[in-house]
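A closer look at the structure
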Amino acid sequence: MKIYHSKEKVIKLYSKEEYRKEQEELKELKNEIKNLRLRNLNLSKDLSQSCISEIENLQKINALENENYKLKQGAKQCS
């Protein structure tokens, strides 16, 4: 590979083999980025679903605590 510098840019001249190798590396990096983005998306979906489940569980707990409180109040009135 030969590299030429000017004030505005750098020019790289590749042999056919170097160019093919460089393109293959770029392709691998793009695939890796794509896979990481997909993994990130899946993890975000999992986290979102986990948060929704947690909120639902907290609502159930709150409803049970309210019911328990009402039952205790009713028991006190009966005593």
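The structure this text deals with has already been given above.
Residues numbered from 1 in each chain as written. Predicted model: local features only at pLDDT ≥ 70, side-chain atom pairs only at ≥ 80, totals over all residues. Heavy atoms only, no water.

**Focus: the overall build of the protein**
Check the secondary structure of the protein and you find one helix and two strands. Overall, the protein shows an N-to-C arrangement of helices and strands of β-β-α. Its C-alpha radius of gyration of 31 Å places the protein more than 25% over the 12 Å reference for a compact globule of 79 residues. On the principal axes, the C-alpha backbone points of the protein span a range of 95 × 30 × 10 Å. Per-residue burial for the protein yields a buried fraction of 0% across its 79 residues. Working note: accessible area of the protein is about 7,900 Å², and carbon and sulfur atoms make up 55% of it. (Helix = DSSP H or I, 4+ residues; strand = E, 2+ residues; numbered from the N terminus. Rg over C-alpha atoms; globule rule 2.2 N^0.38 Å. Buried < 20%, exposed > 50% of the residue type's maximum accessible area, 1.4 Å probe, protein only. Areas by Shrake-Rupley, 256 points an atom, 1.4 Å probe, with all protein chains shown as cover.)

**Description of the pattern of salt bridges**
Scanning the entire structure with this criterion turns up one salt bridge. A salt bridge links R20 to E17; its shortest N-O distance comes to 2.5 Å. Highlighted residues: R20 and E17, both in helix α1 (residues 16-78), separated by three residues, approximately one helical turn. Residue classification places R20 among the partly exposed residues on the basis of a relative accessible area of 47%. A relative accessible area of 47% means that E17 is categorised as partly exposed. (Salt bridge = Lys/Arg side-chain N within 4 Å of Asp/Glu carboxyl O.)

**A few points about the pairing of strand β1 (residues 2-5)**
With four bridges connecting them, β1 and strand β2 (residues 10-13) associate as antiparallel partners. Of the residues in β2, the one forming a bridge with I3 is K12. Linking β1 to β2, which pair antiparallel, is a turn of four residues. (Pairing = 2+ DSSP bridges.)

**A short note on a nonpolar patch on the surface**
A cluster of nonpolar residues, M1, I3 and V10, forms a patch on the protein surface that exposes about 270 Å² of accessible area. Within the secondary structure, I3 is located in strand β1. (Patch = residues over 30% accessible without salt bridge, like charges linked within 9 Å, V, L, I, M, F, W, Y side chains within 5 Å.)

**A closer look at a negative patch on the surface**
Where like charges cluster on the molecular surface, the negative patch consists of E24, E25, E28 and E32. By the element assignment, E32 lies in helix α1. (Lys, Arg positive; Asp, Glu negative; His and termini not counted. Charge placed at Lys NZ, Arg CZ, Asp CG, Glu CD.)

**Describing the environment of H5**
Along the polypeptide, H5 turns up in strand β1. On a C-alpha basis, the gap between H5 and E32 in space is 31 Å, while along the polypeptide they are 27 residues apart.

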